[in-house]
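# Structural features, examined
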Amino acid sequence: MEKIRGFYIGRFQPYHYGHQSVIMHIAEEVDEIVIGIGSAQLSHTPNNPFTAGERVLMITRALEKSLSLPFYVIPIEDIQRNALWVSHARAISPPFNAVYSSNPLVVRLFSESGTDVISPEMYKRKNYSGTEIRRRMLAEEDWRSLVPPEVADVIDETDGVRRLHDVSGSD
Ligand code: ATP
Ligand code: MG
């Protein structure tokens, strides 16, 4: 029988428990998961502090113990041409036949290309959000409880909080 491979895309700046809860839900419905890291070319900015490679590490380390299915983490750079974005994402990902996203643009682009998109429920969105985690890092509030411990380790190894402070400052 044909394998069902699910596709899930995010910027993962950083990867957090909201993302993880969606992936665990997807894992109940598919055989393998493709995780696309969007805006892969961006790093060292206030909204996109982490490199694609750092985000690959965060996701791989967090999932290798908790996810029993095969998964592939694929960095996907922006192409500045939304009309071609679905083809671009398909061209660099392992083939997938189910798409999961709650991002309205992603939903729109896939449905225009004839692919139905499943929109997972939000998991405690108020706190489990990249924007909230970056805000807490800058405010020196607790952010570690919102991410898997492996993600906090990667952020510590890359001196990520100090980097976020530095790239958010002005001269
Ligand atoms: P940012 O605030 O930087 O946009 P984010 O938390 O929205 O970060 P993204 O990488 O933009 O994270 O999101 C990737 C996908 O994960 C999106 O489809 C988003 O809707 C979804 N998502 C984010 N947070 C949650 C959550 N708490 N529960 C379920 N899905 C979430
Ligand atoms: Mg978002």
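Heads up: these notes are all about the structure in this document. Nothing here was measured: the structure is a model prediction, and the numbers come from that model. (Residues numbered from 1 in each chain as written. Chains lettered and ligands numbered in written order. Predicted model: local features only at pLDDT ≥ 70, side-chain atom pairs only at ≥ 80, totals over all residues. Heavy atoms only, no water.)

### Description of the packing of helix H3 (residues 85-92) against helix H4 (residues 104-112)
Taken N-terminus to C-terminus, the directions of H3 and H4 make an angle of 85°; their axes are 9 Å apart at the nearest point. Considered as vectors, H3 and H4 are oriented roughly perpendicular to each other. Of the residues in H4, those touching H3 at Trp 85, Val 86 and Arg 90 are Val 106, Leu 109 and Phe 110. (Axes fitted to C-alpha atoms, helices over the stretch in contact; angles between N-to-C directions. Helix = DSSP H or I, 4+ residues; strand = E, 2+ residues; numbered from the N terminus. Parallel < 35°, antiparallel > 145°, perpendicular 65-115°, else oblique. Contact = heavy atoms within 4.5 Å.)

### Quick look at the side chain of Arg 55
By secondary structure assignment, the location of Arg 55 is in helix H2 (residues 52-66). No salt bridge is formed by the buried Arg 55; the nearest opposite charge belongs to Glu 54, separated by 6.8 Å. If near-sequence neighbours (up to four positions away) are discounted, Arg 55 is found in contact with Arg 11, Phe 12, Gln 13, Ile 37, Gly 38, Ser 39, Ala 40, Leu 42 and Phe 50. (Buried < 20%, exposed > 50% of the residue type's maximum accessible area, 1.4 Å probe, protein only. Lys, Arg positive; Asp, Glu negative; His and termini not counted. Salt bridge = Lys/Arg side-chain N within 4 Å of Asp/Glu carboxyl O.)

### What about the packing of helix H5 (residues 130-139) against helix H7 (residues 160-168)?
One way to put it is that H5 packs onto H7 with a least axis distance of 9 Å and a crossing angle of 90°. If you check the angle between H5 and H7, you find them roughly perpendicular. Packed against H5, whose contacting residues are Arg 134, Met 137 and Leu 138, the element H7 presents Val 161, Leu 164, His 165 and Ser 168 at the interface. For the contact of H5 with H7, a count of residues per class yields 4 nonpolar, 2 polar and 1 charged. (Nonpolar A, V, L, I, M, F, W, Y, C, P; charged D, E, K, R; others polar.)

### Observations concerning the sheet that holds strand E1 (residues 5-10)
Pairing is parallel in the open sheet, where 5 strands are placed in the order E3-E2-E1-E4-E5. Two strands close off the open sheet at either side, each with one partner strand: strand E3 (71-75) and strand E5 (117-118). Across 3 bridges, E1 lies against strand E4 (residues 98-100) in parallel orientation. When the bridges of E4 are listed, Tyr 8 appears paired with Tyr 100. (Pairing = 2+ DSSP bridges.)

### Considering the site of ligand 1
In the vicinity of ligand 1, 21 residues are found, and the nearest of them are Tyr 8, Tyr 123, Arg 125, Gly 130 and Thr 131. Within the side chain of His 16, a nitrogen or oxygen atom sits 2.8 Å from an oxygen atom of ligand 1. Within the side chain of Thr 131, an N or O atom sits 2.4 Å from an oxygen atom of ligand 1. Burial of ligand 1 by the surrounding chains reaches 89%, relative to a free accessible area of 590 Å². Looking at the shell around ligand 1, the elements with two or more residues in it are E1, helix H1 (17-27) and H5. Class assignment for the residues of the shell around ligand 1 results in 7 nonpolar, 10 polar and 4 charged. (Near = heavy atom within 4 Å. Polar contact = N/O pair within 3.5 Å; in protein donor to acceptor, adjacent residues only side chain to side chain. Areas by Shrake-Rupley, 256 points an atom, 1.4 Å probe, with all protein chains shown as cover.)

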